[in-house]
Amino acid sequence: MNNNLLQTPAALRWPSPARHEFPPLHWRCVGDISEADSVGSMAVFIVDGDDTHRASLQALTRCDRWRTEGLATVQELLGRAPHPGPSCMVLDAALQHPGGLPALQRRVSAERVEMPVIFIAGDADVPMAVQAMKAGAVDFLTKPVSGHRLLYAVEDALAHSRAMLERSASARAIQARHATLSRREQEVMSLVVTGLLNKQVGAELGISEITVKAHRGSAMRKMGARSLPDLVNMANRLQDALAG
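Calculation rules
- Residues numbered from 1 in each chain as written.
- Predicted model: local features only at pLDDT ≥ 70, side-chain atom pairs only at ≥ 80, totals over all residues.
- Heavy atoms only, no water.
- Pairing = 2+ DSSP bridges.
- Helix = DSSP H or I, 4+ residues; strand = E, 2+ residues; numbered from the N terminus.
- Axes fitted to C-alpha atoms, helices over the stretch in contact; angles between N-to-C directions.
- Contact = heavy atoms within 4.5 Å.
- Right-handed = clockwise from strand over helix to strand, strands pointing away.
- Core = buried A, V, L, I, M, F, W, Y, C linked by side-chain atoms within 4.5 Å.
- Buried < 20%, exposed > 50% of the residue type's maximum accessible area, 1.4 Å probe, protein only.
- Parallel < 35°, antiparallel > 145°, perpendicular 65-115°, else oblique.
- Left-handed = near helix turned anticlockwise from the far one by under 90°.
- Nonpolar A, V, L, I, M, F, W, Y, C, P; charged D, E, K, R; others polar.
- Salt bridge = Lys/Arg side-chain N within 4 Å of Asp/Glu carboxyl O.

(A) How the structure looks around the sheet that holds strand 4 (residues 117–121). On the basis of which strands lie adjacent, the open sheet formed by five strands has the order 2-1-3-4-5 and parallel pairing. The sheet is open, and its two borders are formed by strand 2 (67–71) and strand 5 (139–142), each paired with just one other strand. Neighbour-to-neighbour, the strand axes of this sheet turn through a mean angle of 20°, independent of strand direction. Note that strand 3 (residues 87–92) and strand 4 share four bridges and pair parallel. Counterpart to Met89 in the pairing with strand 4 is Val117. In the packing of helix 1 (residues 51–61) onto the sheet, the strands contacted are strand 1 (43–47), strand 2, strand 3 and strand 4, and the crossing angle to strand 2 comes to about 170°. Together, strand 1, strand 3, strand 4 and strand 5 form the strand contacts of helix 5 (residues 147–179), whose direction differs from that of strand 3 by roughly 135°.

Here you go:
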């Protein structure tokens, strides 16, 4: 099999950890995946309508650090419950979808927020690559795909998926802690994080400065905030979660 690969233009790739030169080919899949990810918790989904191509991609991505599964259509994958751990999709760009490649990527991004997509195409179509990257693809490779390049793309995608899952879990934890605050504590917190002094918060809410201090201290304890900047960061995370 010809392992030459037309490299994806650097400007079209998402930022990823610095890479060393490719070592001699092996299948231990050494990379930046956390050791905390137990065997079997990560998944790589190969979506290709051609049985032979799908089997070939599965062979290239097979690794003892994650499980690999082949599917003929994106609908098969989106029709099941999301994978609970880090995951990514290696998707044949030739698959037909209403609206084309960008529309397919947007649908996957909407329904599988924490599952990055690696597109593989038969032609070095740079405009298509630009559209896929703008729509959220984590990488875009052209055939024939080298085993090295694909494995590193998969490892980057899984690391990104794990980071997104951790951020989502952290956001849910912050929302849960915020829900334990009383209405007054939430009001005080919402004003304190804007930079208002206790005296100004009191004037805004019609309560004494001492009462503001008490509610502020209680809110910080319940939120687990070690400092005001920490509380401000949590408030921003809450706002982002509501906006999303």
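Structure's up, so let's keep going.
(B) Examining the environment of Phe45 more closely. Take Phe45: it is sitting in strand 1. For the pair Phe45 and Glu69, spaced 24 residues apart in sequence, the C-alpha to C-alpha distance is 5.0 Å. Residue contacts for Phe45: discarding those within four places in its chain leaves Arg67, Glu69, Leu71, Leu77, Arg80, His83, Ser87, Cys88, Met89, Val90 and Met115.

(C) Geometry of the pairing of strand 2. Sheet topology note: the strand 1/strand 2 ladder contains five bridges and is parallel. Bridge pairing in strand 2 places Val47 opposite Leu71. In this fold, the crossover linking strand 1 to strand 2 by way of helix 1 has right-handed handedness.

(D) Just the nonpolar core, in detail. Ranked by size, the top nonpolar core spans 21 residues in total, and within it Val74, Met89, Leu91, Val108, Phe119 and Phe140 carry the most contacts. Beyond its immediate chain neighbours, meaning those up to four positions away, Phe119 contacts Leu91, Ala93, Leu101, Gln105, Ala132, Ala137, Asp139, Phe140 and Leu141. Core analysis: the second largest hydrophobic core is formed by 20 residues, Val145, Leu150, Leu151 and Ala153 among them.

(E) Quick look at the packing of helix 6 (residues 183–192) against helix 7 (residues 198–205). The contact between helix 6 and helix 7 brings their axes to 10 Å, and the two run at 130°. By the angle between their directions, the pair helix 6 and helix 7 is classed as oblique. Of the two elements, helix 6 crosses helix 7, and the hand of that crossing is right-handed. Here Arg184, Glu187, Val188, Leu191 and Val192 of helix 6 lie close against helix 7, whose contacting residues are Val201, Glu204 and Leu205. Of the residues in the contact of helix 6 with helix 7, the class split is five nonpolar, no polar and three charged.

(F) Seen up close, the pattern of salt bridges. Summed over the entire model, instances satisfying the criterion amount to twelve salt bridges. For Asp51, the salt bridge goes to Arg54, with nearest N and O atoms at 2.7 Å. Remark: Arg54 and Asp51 occur in helix 1; sequence separation between them is three residues, near one turn of the helix. For Asp51, a relative accessible area of 54% translates into the label exposed. Across the pair Arg184 and Glu187 runs a salt bridge, and its minimum N-O distance is 2.9 Å. Taken together, the positions of Arg184 and Glu187, both in helix 6 and three residues apart, correspond to about one turn of that helix. Judged by relative accessible area, Arg184 falls into the partly exposed class, the value being 24%. According to the relative accessible area criterion, Glu187 is partly exposed, its value standing at 22%.

Purely geometric numbers; function is a separate question.
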